[in-house]
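# Structural overview
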Amino acid sequence: AEPNEFGMRISKGKMGASKDFFDFSACFAPYCAETKEAEKLREEGMIEADPNGNGLCSLAEIETFVLKRLLATYPNTGKGNEFKTPGKDLWTAFRPCYIRAFKDAA
């Protein structure tokens, strides 16, 4: 596997990361670049993630921000039996990961 933007080699497939991991990380990768555009994204993201403007983000605010970003990137599709919620599915699948990261950072 080729190194990603962080220099990490993450394999795909059976012994590597899942497609869901790559979809989830692709949603937030633009925030990680060391560019003026990414800096602006981070500033806008902080405003979105901190709606009360106190300079701190609660777990509930982070969860809402992550869900909104995932739903914007992977919107719901189909109707009836064909209805799919890929953004919400990713949010649910990775929720334990960012809860753990939030608690570890606190």
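Everything below is about the structure printed above this text.
### A word on the overall build of the chain
The helix and strand inventory of the chain stands at four helices and zero strands. Mapped in sequence order, the helices and strands of the chain form the string α-α-α-α. Looking at the chain residue by residue over its 106 residues, the buried ones come to 22%. Long-range contacts, defined as pairs at least 24 residues apart, comprise 39% of the intrachain contacts of the chain with a sequence gap of at least 6. Carbon together with sulfur atoms contributes 59% to the accessible area of the chain, which is approximately 7,800 Å² in total.

### Observations regarding the pattern of salt bridges
Per the counting criterion, the structure on display carries five salt bridges. The closest approach of N and O atoms between glutamate 63 and arginine 95, which form a salt bridge, is 2.4 Å. With a gap of 32 residues between them, glutamate 63 in helix H3 (residues 59–73) and arginine 95 in helix H4 (residues 86–105) connect regions that are remote in the sequence. Looking at glutamate 63, the relative accessible area reads 12%, which means it is buried. Since its relative accessible area comes to 33%, arginine 95 is described here as partly exposed.

### With respect to the packing of helix H1 (residues 19–28) against H3
Direction vectors running N to C along H1 and H3 enclose 105°, while the axes themselves pass 10 Å from each other. Taken together, the axis directions place H1 and H3 in an arrangement best described as roughly perpendicular. Mapping the contact onto sequence places Phe24, Cys27 and Phe28 in H1 and Phe65, Val66, Arg69, Leu70 and Thr73 in H3. Here the contact of H1 with H3 is built from residues that sort into six nonpolar, one polar and one charged.

### Considerations on the side chain of glutamate 63
Looking at glutamate 63, its side chain comes within polar contact range of the side chain of arginine 95, at 2.4 Å. Apart from the residues within four sequence positions on either side, glutamate 63 is in contact with Trp91, Arg95, Tyr98 and Ile99.

Definitions and limits used
Residues numbered from 1 in each chain as written. Predicted model: local features only at pLDDT ≥ 70, side-chain atom pairs only at ≥ 80, totals over all residues. Heavy atoms only, no water. Helix = DSSP H or I, 4+ residues; strand = E, 2+ residues; numbered from the N terminus. Buried < 20%, exposed > 50% of the residue type's maximum accessible area, 1.4 Å probe, protein only. Contact = heavy atoms within 4.5 Å. Areas by Shrake-Rupley, 256 points an atom, 1.4 Å probe, with all protein chains shown as cover. Salt bridge = Lys/Arg side-chain N within 4 Å of Asp/Glu carboxyl O. Axes fitted to C-alpha atoms, helices over the stretch in contact; angles between N-to-C directions. Parallel < 35°, antiparallel > 145°, perpendicular 65-115°, else oblique. Nonpolar A, V, L, I, M, F, W, Y, C, P; charged D, E, K, R; others polar. Polar contact = N/O pair within 3.5 Å; in protein donor to acceptor, adjacent residues only side chain to side chain.

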